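# Structural characterization, general
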Amino acid sequence: MGGDFSQGALFVVAFLLPGLCFLLVFRLLCDVRKLDKIDQTAVAFIISLGSHLAADMLFGTSLLGAAVGDPSADANGGTGSAGTLVVPVSEILVPAALAFVVGAGFSAVYQRDLVYPTLRNWRLTRKTGRLSVWHHVFVENDGSWLIVELDSGVQLLGWAREFSIQGDARELFLGDATVFEPLRGGLWRQVEVPGPGIYIPNMSRINAIRFLDGEPG
């Protein structure tokens, strides 16, 4: 009984490994919302099934076919017996490698928001591949120069070197920053910031952020 359970658990792990590899690559490369357990399980199952079927069609490696050993079947130098789970290494590594490649490719497509514009043009959805409006404008204007207007009237000029991805915090780091302080008579005092830039920990004091075309003169 215990042997049957351990063999079944081994098969489940081997079967779901490609899907888990896909999720790992996708999470590492993409800015995405955290999936709940049900969504992760569903994605892992679908990707795993597709990876095993693709591996079988392309390379003839079938985990499902190798799950129940043949008395004459040899796996890594060993002879399986009827009813014994035999999982050759190739049946695990090939689908996992395919899932890695598919995950990297899908991440590149998702990160560049290449799918949703077409679907929006077809009026199938209004979604984008971005987490929020904040995330969208900074990704679309990556590296742009901008002016941050504080509620005190002070303006900060710099380029978006770093910005927060998700969460309640809206953090921003301006590279090559310059501070413009308002004076009487509509004049401004310009103060060059020594060092790499200015870190803005939250947006509570921000009135507006203006993105500039090109580098300011």
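Along each chain, numbering runs from 1 in the same order as the chain's sequence is written. Only residues with pLDDT of at least 70 get local features here, since the model is predicted, and only at 80 or more are side-chain atom pairs given and counted; chain-wide, interface and lining totals rely on the full set of residues. Heavy atoms from the whole structure form the basis of all side-chain values; hydrogens and water molecules are not counted.

Quick look at the packing of helix 2 (residues 37-59) against helix 4 (residues 89-111) now. Here the axes come from fitting lines to C-alpha atoms, over the contacting stretch only for helices, and the angles between their N-to-C directions go from 0 to 180 degrees. Helix and strand assignments come from DSSP, with helices taken as H or I runs of at least 4 residues and strands as E runs of at least 2, each series counted from the N terminus. Running from amino to carboxyl end, helix 2 crosses helix 4 at an angle of 110°, the nearest separation of the two axes being 9 Å. As summarised for this structure, helix 2 and helix 4 are arranged roughly perpendicular, according to the angle between their axes. Pair helix 2 / helix 4 crosses with right-handed handedness. Contact with helix 2, carried on its side by I47, S51, H52, A54, A55 and F59, involves E91, V94, P95, L98 and A99 of helix 4 and no other residues of that element. In this count, Pro and Cys sit with the nonpolar residues alongside Ala, Val, Leu, Ile, Met, Phe, Trp and Tyr, while Asp, Glu, Lys and Arg are called charged and the others, Gly among them, polar. Classifying every residue of the contact of helix 2 with helix 4 by side-chain character gives 8 nonpolar, 2 polar and 1 charged. Here roughly perpendicular refers to angles of 65 to 115 degrees, roughly parallel to angles under 35, roughly antiparallel to angles over 145, and oblique to all remaining angles. When the near helix sits turned anticlockwise from the far one by under a right angle, the crossing is termed left-handed; a clockwise turn instead gives a right-handed crossing. In what follows, a contact means two residues having at least one pair of non-hydrogen atoms within 4.5 Å.

With that settled, the discussion passes to the side chain of S107. As for its placement among the helices and strands, S107 is situated in helix 4. At a separation of 2.6 Å, a polar atom in the side chain of S107 contacts the main-chain carbonyl oxygen of G103. Excluding anything up to four places from it in sequence, S107 contacts V25, F26, L29 and C30. Under this definition, polar contacts are N or O atom pairs within 3.5 Å; protein pairs additionally need one hydrogen-donor-capable and one acceptor-capable atom, and for neighbouring residues in sequence, both atoms have to be side-chain atoms.

Let us now look at the packing of aromatic side chains. Pairing of aromatic rings covers Phe, Tyr and the six-membered ring of Trp, with a centre-to-centre limit of 6.5 Å; geometry is then stacked below 30 degrees between planes, edge-to-face above 60, and tilted otherwise. Summed over all chains, the structure comprises 9 aromatic pairs. Considering the side-chain rings of F15 and F45, the 5.7 Å spacing of their centres and the 50° angle between planes classify their relative orientation as tilted. You can see F15 sitting in helix 1 (residues 2-29) and its partner F45 sitting in helix 2, a full 30 residues away along the chain. Pairwise contacts between aromatic rings join F22, F26, F106 and Y110 into one cluster.

This part takes up the confidence of the model for the protein. Taken as a whole, the protein shows an average pLDDT of 80; of its residues, 83% reach a score of 70 or greater. Mean pLDDT across the secondary structure elements of the protein bottoms out at strand 2 (residues 78-79), with 44, and peaks at strand 3 (residues 145-150), with 92. In predicted models, pLDDT denotes the confidence assigned by the predictor to each residue on a 0 to 100 scale. pLDDT under 50 marks residues 68-79. Its contacts with residues more than four places away, or in other chains, come to 20 contacts.

On to the pairing of strand 5 (residues 172-182). The pairing criterion is simple: DSSP has to find at least two bridges between the two strands. Here strand 4 (residues 155-163) pairs with strand 5 via 7 bridges, running antiparallel. In the strand pairing of strand 5, L157 is matched with T178. With 4 bridges joining them, strand 5 and strand 7 (residues 197-200) adopt antiparallel strand pairing. Paired with L172 across the strands is I200, a residue of strand 7. Here 5 bridges tie strand 5 to strand 6 (residues 188-192), and the two strands are oriented antiparallel to one another. By the bridge assignment for strand 6, F180 is matched with Q190. Where strand 5 folds back onto strand 6 in an antiparallel hairpin, the turn is made up of 5 residues, including G185, whose phi is positive at roughly 75°.

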